[in-house]
Structures are given as structure tokens and as C-alpha cells.
Amino acid sequence: MTHTAALQLKGLDKRYGALHVTQDVSLEVRTGEIHALIGPNGAGKTTLMAQIAGQLKPDAGQVLIQGQDVTHWSAQRRARAGLARTFQTGSVFRSLTTHENVAIALNAKAGRASLWRPFRRPETLKQADETLQRFGLHEEQSAASLGYGTLRQLELAMGLATTPSILLLDEPLAGLSHTESAQAVYLLAGLRHSFPMLLIEHDMQAVFALADRISVLVGGKIIASGTPDEIRASHEVKQAYLGDA
Ligand SMILES: Nc1ncnc2c1ncn2[C@@H]1O[C@H](COP(=O)(O)OP(=O)(O)OP(=O)(O)O)[C@@H](O)[C@H]1O
């Protein structure tokens, strides 16, 4: 049976001068799965994410979202096609409320010319409210008053407000306390069948608990791709990366 992957990378290649930062990278995120991308510092995870999201142009290869070749599309057009990225820390507008922040994320997906002017529209705010309810953020609060854990939860809600066809999560657990991290893992696990996810995360315990499949990037190359058990058992992965973890 054929299936269309939520996200497919085919032979992506990128060089910075002599540095071959992405080398013939191919991988597939299937519908209903959390696919983790792990690798040591400097392996090229961030540059790969930027090529997927459309901020960085690969020298060769293709990016496909739901079977559609988006390699030459802008980041904005990819977002409209259903590619979402968790907003990095710092993207929350502290002067606005939780609901207004999610409303802006909704406007971004809709590709509205101004993110700002229509964001207080009642129907947009209602949709924002429904999203926040799902994340346990019931009450409308000023973003400036939020603690760190709740702020990260808001960022995730902003990423998911748009019901993406693929969600890129770039270190969603970074900086969270042990308890907050456990809550986030629980939340992500519950969302796996709603949104296929590509997860970059340094917390190996969380990665092995969450991922359906894992790809290991070392020196810009995928050296292994498989289930958590396969990756754990891989001699090559142990030697290159997990050996001391
Ligand atoms: N604009 C650039 N120009 C030149 N080299 C770059 C540029 N951006 C990144 N690099 C280099 O590319 C390599 C991969 O960097 P990247 O940030 O993608 O790694 P990473 O796997 O995300 O690392 P980390 O886990 O530490 O964030 C590094 O050697 C980095 O120095």
C-alpha cells in the first residue's frame, strides 16, 4: 500500500564554503508519528530545520509536504501549506494576552497581510480560546505574567493553533524544570495522532519515551534511522554518539 508521508526530505545537501553541513539527507515523517532527530552539537540539526521550514535554501535535494514539492516555496507559503514550527522562546508578545498571542499565530497561518490588525476579531479570539482550552490554559492572562513553563506551553499552543499537517519542534523541553518537562512529554505524547511531529531534543530520556522513530545526524549525515530499540542497539550510533550517554 502506498502512503503519503507528512514530510519527506530527499537528498538534501547544503554547504557553507568548505563545510558540508547537510549531506544527502533523506528522511520521512509519517502520519501519526513522532520522528526525532538527534545528534551531537554542531551535527547540523538547526540548519536542517531551517531548510525544512524554508528559511534556508538547500544546494540540492527536495522537501515535500504531504507529497507536494515545496523546495522552492517561501517559509510563509510552506506555513500556509500546513508546516508549523514551535515558536522559539522570545516570540511571545509579552504586552499581549495569551489569547491574543494565539490569535496572531492563527493569522500567520491564514496568511493575512497584517498579523496585527484583525487579531482581536471575535471569531479569531474564539478559535484561540478553543486552542488554549486544549492546553489547559483556560483563563485569559497577560503573557507578561506567565511563568517559564506556562510560557513554553503557550508557545506550543501557538505552534498547534493552526492544526498543522507537520509540526517541527526545536528543543521544546529546553530550560524546563523536571516537572514541567514531564508535563510537556505527556502533552506531546497525547498529541501524536493529531499532528505528525519532527522533534529535535537533547533530553534522550524524553526522546526515547516519545519517538516512534529516530534518525541520527552526525556531521551533517544521517547515520541511522529506526525505532528507538533499533537505534539503542545500533553499534554505529553507540560509537558515534550515544556511547557515553
Ligand atoms: N551561517 C553559517 N555559516 C557558516 N557555518 C554555519 C552557519 N550556520 C551554521 N554553521 C555551522 O554548521 C554546523 C552545523 O550547525 P547547526 O547549528 O545546524 O548544528 P546543530 O546540530 O543544530 O547544533 P546544536 O545542537 O549545538 O544546536 C556547525 O559547524 C555550525 O558552526
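Residues numbered from 1 in each chain as written. Predicted model: local features only at pLDDT ≥ 70, side-chain atom pairs only at ≥ 80, totals over all residues.

1. Looking at the site of the ligand
Neighbouring the ligand are Tyr 16, Leu 19, Val 21, Gly 39, Asn 41, Gly 42, Ala 43, Gly 44, Lys 45, Thr 46 and Thr 47. The set of elements that each furnish at least two residues to the shell around the ligand consists of strand S2 (19-29) and helix H1 (45-53). In terms of residues, the shell around the ligand owes the most to one element, H1, which gives three residues. Partitioning the shell around the ligand into residue classes produces four nonpolar, six polar and one charged. (Near = placed C-beta within 6 Å. Helix = DSSP H or I, 4+ residues; strand = E, 2+ residues; numbered from the N terminus. Nonpolar A, V, L, I, M, F, W, Y, C, P; charged D, E, K, R; others polar.)

2. Some words on helix H5 (residues 148-160)
Given a rise of 1.5 Å per residue, 13 residues ought to cover 18 Å, and the 19 Å separating the end C-alpha atoms of H5 matches this to within 8%. Counted residue by residue, H5 has ten buried out of 13 residues, so it is predominantly covered. Buried within H5 we find Leu 151, Arg 152, Gln 153, Leu 154, Glu 155, Leu 156, Ala 157, Met 158, Gly 159 and Leu 160. (Expected span 1.5 Å × (residues − 1). Buried ≥ 20, exposed ≤ 12 C-beta atoms within 10 Å, placed from the backbone.)

3. A look at the sheet that holds strand S1 (residues 7-16)
The strand order S2-S1-S4-S5 describes an open sheet built from four strands, whose pairing is antiparallel. The open sheet is flanked by S2 and strand S5 (68-69), the only strands paired with a single partner. Inspection of the sheet shows strand S4 (residues 60-65) paired to S5 by two bridges, in the antiparallel sense. Bridge pairing in S5 links Ile 65 to Gln 68. (Pairing = 2+ DSSP bridges.)

4. Considering the sheet that holds strand S8 (residues 197-200)
Strands in a sheet are paired, the pairing made by backbone hydrogen bonds, and the direction either parallel or antiparallel. Taken in spatial order, the six strands make up an open sheet running S6-S7-S8-S3-S9-S10, and their pairing is mixed. Of all the strands in the sheet, just strand S6 (83-85) and strand S10 (221-226) have a single pairing partner and so form its edges. Adjacent strand axes in the sheet meet at a mean angle of 20° when their direction is disregarded. As paired strands, strand S3 (residues 34-38) and S8 are joined by four bridges and run parallel to one another. Counted as the bridge partner of Leu 37 is Ile 200 from S8. Where H1 meets the sheet, its contacts fall on S3, S6, strand S7 (166-170), S8 and strand S9 (213-218), and the angle it forms with S7 comes to roughly 150°. (Axes fitted to C-alpha atoms, helices over the stretch in contact; angles between N-to-C directions. Contact = placed C-beta atoms within 7 Å.)

5. Thoughts on unusual backbone geometry
The residue Gln 66 is not glycine, and still its phi comes out positive at about 50°. When you line up the elements, Gln 66 lands in the loop between S4 and S5. The exposure class assigned to Gln 66 is partly exposed, which follows from the 17 C-beta atoms found within 10 Å. For Glu 171, which is not glycine, the phi torsion reads 50° and is therefore positive. Counting through the fold element by element, Glu 171 comes out in the loop between S7 and helix H6 (178-191). Residue Glu 171 is classed as partly exposed on the basis of its C-beta count, with 17 C-beta atoms lying within 10 Å.

6. Overview of the confidence of the model for the chain
When pLDDT is low, close inspection of the predicted coordinates is not appropriate. Across the chain, the average pLDDT comes to 87, with 91% of residues at 70 or higher. This complex was scored by the predictor with a pTM of 0.82 and an ipTM of 0.93. (pLDDT = per-residue confidence, 0-100.)

7. Things to note about the pairing of S9
Here four bridges tie S3 to S9, and the two strands are oriented parallel to one another. Paired with His 35 across the bridge in S9 is Arg 213. Of the strand pairs in this sheet, S9 and S10 are connected by five bridges, and their pairing is antiparallel. Following the sheet pairing, Ser 215 is matched in S10 by Ser 225. The turn linking S9 back onto S10 is made up of two residues, and Gly 219 within it adopts a positive phi angle of 55°.

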